[in-house]
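The lines below spell out each chain.
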Amino acid sequence: KAGVTQTPRYLIKTRGQQVTLSCSPISGHRSVSWYQQTPGQGLQFLFEYFSETQRNKGNFPGRFSGRQFSNSRSEMNVSTLELGDSALYLCASSRKLAGGPTDTQYFGPGTRLTVL
Amino acid sequence: AQTVTQSQPEMSVQEAETVTLSCTYDTSESDYYLFWYKQPPSRQMILVIRQEAYKQQNATENRFSVNFQKAAKSFSLKISDSQLGDAAMYFCAYSNAGNNRKLIWGLGTSLAVNP
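Since we're looking at a predicted model, the values are computed, not measured. Counting starts from 1 at the beginning of each chain's written sequence and moves along it residue by residue. Both sets of labels track the order of writing: A upward for chains, 1 upward for ligands. Selection of residues for local features in this predicted model requires a pLDDT of at least 70, selection of side-chain atom pairs for listing and counting requires 80 or more, and totals for whole chains, interfaces and linings are taken over all residues. Note: side-chain values were computed over all heavy atoms of the structure, leaving out hydrogens and water.

Q: I keep staring at the packing of aromatic side chains and nothing clicks. Help me out?
A: Within 6.5 Å between ring centres, the rings of Phe, Tyr and Trp (the latter by its six-membered ring) count as paired, and their orientation is classed by plane angle as stacked under 30 degrees, edge-to-face over 60, tilted in between. Going through the model one piece at a time under the given rule, you end up with 15 aromatic pairs over all chains. Where A:Tyr35 meets A:Phe107, the ring centres are 5.7 Å apart and the plane angle is 45°; that geometry is what we call tilted. In this pair, A:Tyr35 is assigned in strand E4 (residues 31-38) and A:Phe107 in strand E10 (residues 106-107), connecting sequence segments 72 residues apart. Summary of the burial criterion: residues with accessible area below 20% of their type's maximum are buried, those above 50% are exposed, and those between are partly exposed, where the area comes from a 1.4 Å probe applied to protein chains only. The class for A:Tyr35 is buried, based on a relative accessible area of 0%. By relative accessible area, A:Phe107 is classed as buried at 4%. By way of ring pairs, the aromatic residues A:Tyr35, A:Phe45, A:Phe107, B:Phe35, B:Tyr37, B:Phe91 and B:Trp105 are connected into one cluster. By definition, any uninterrupted DSSP run of H or I lasting at least four residues is a helix, any uninterrupted run of E lasting at least two residues is a strand, and each is numbered from the N terminus.

Q: What am I meant to see in the sheet that holds strand E8 (residues 74-78) of chain A here?
A: The pairing of strands in a sheet comes from backbone hydrogen bonds and takes either a parallel or an antiparallel form. Residues and elements named next belong to chain A. If you trace the four strands from one edge of the open sheet to the other, you get E1-E3-E8-E7, paired in antiparallel fashion. Of all strands in the sheet, those bounded by a partner on one side alone are strand E1 (5-7) and strand E7 (64-68). Averaged over all neighbouring strand pairs, the angle between strand axes comes to 20°, with direction disregarded. Two strands are counted as paired when DSSP detects at least two bridges linking them. When E7 meets E8, the two strands line up antiparallel, connected through five bridges. In this analysis, axes come from line fits to C-alpha atoms, helices being fitted only over the stretch in contact, and the angle between any two N-to-C directions falls in the range 0 to 180 degrees.

Q: Looking at this model, I keep getting lost on the interface of chain A and chain B. Mind explaining?
A: In many reports, interface size means the accessible area that the parts give up when they come together. The contact rule is simple, with two residues in contact once any of their heavy atoms fall within 4.5 Å. Listed as interface residues are 25 residues of chain A and, on the opposing side, 20 residues of chain B. When two parts are brought into contact, each loses some accessible area as probed by a 1.4 Å sphere; the total of that loss over both is the buried area. Both faces combined, the contact of chain A with chain B buries some 1,900 Å², and carbon together with sulfur accounts for 48% of it. By definition here, a salt bridge exists when the distance from a side-chain nitrogen of Lys or Arg to a carboxyl oxygen of Asp or Glu is within 4 Å. Put simply, chain A and chain B have zero salt bridges between them. Here a polar contact is taken to be a pair of N or O atoms separated by no more than 3.5 Å, where protein atoms must pair a possible hydrogen donor with a possible acceptor and residues adjacent in sequence count only if both atoms sit in side chains. At the boundary of chain A with chain B, the tally comes to five residue pairs in polar contact (both at pLDDT 80 or more). The set of elements that each furnish at least two residues to the side of chain A that touches chain B consists of E4, strand E5 (42-50) and strand E9 (87-94) of chain A. Counting residues per element, the side of chain A that touches chain B draws most heavily on E5(A), which supplies four residues.

Q: Mind showing me how you'd approach the pairing of strand E5 (residues 32-39) of chain B here?
A: Looking down a regular strand, the side chains alternate between one sheet face and the other. Residue and element names in this part refer to chain B. Of all eight residues in E5, eight are buried; the element is thus mostly enclosed. What you see with E5 is no split at all: Tyr32, Leu34, Trp36 and Lys38 on one side and Tyr33, Phe35, Tyr37 and Gln39 on the other are buried throughout. Bridging between E5 and strand E10 (residues 88-96) involves eight bridges; their strand directions are antiparallel. Directly across from Tyr33, in E10, lies its bridge partner Ser95. The sheet contact formed by E5 and strand E6 (residues 46-52) spans six bridges and is antiparallel. Counterpart to Tyr37 in the pairing with E6 is Leu47. Connecting E5 to the next strand, E6, in antiparallel fashion are six residues, including Arg43 with a positive phi near 90°.

Okay, here's the thing in structure tokens:
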């Protein structure tokens, strides 16, 4: 079974621009979560999508947004980029059975975003 | 709010030896999950082991085992017979058992394996 895929793997943008990152979950996984990884702050939760609805949101400004499509693929968007948005953005998918035990999150390789 | 603390930013171990990575957490929940993830230099985050808080038995996966002390809120990872391929960043993570299942992470421990 194919793993979680993320595109693109690398991005270079300038301040003020916007960016869209894409994530394709493992087949059959309906939950997609996004995390930001930086050397200073470590790994921080951005949001989770399940059945095309945002279920949870982390403590990030409104410039960070996302969506999920009917095939469970997810995109996240960052508008008005700032230097501090430079990070590795990780996507994770899980089955998330309703009412069931927490399923393990499986991660993609990440998208390295550099803001100049 | 839940927190996860890894007090060892860096550790090293000789090949074939055993090493233990520490993790403590804070939560008021009684039901939750704990994870150890490994992130090699290639960046792909890989699950090493998971522990359900309601299970008293410590989880094991081949050379990897945990020491889960619920009362002490401690969750250490033991790697036996260390191999060069074990060199990586190791992250301890916490997740509630309810609907909000986001992972809360420690800052990681960089493990070097010396030949």
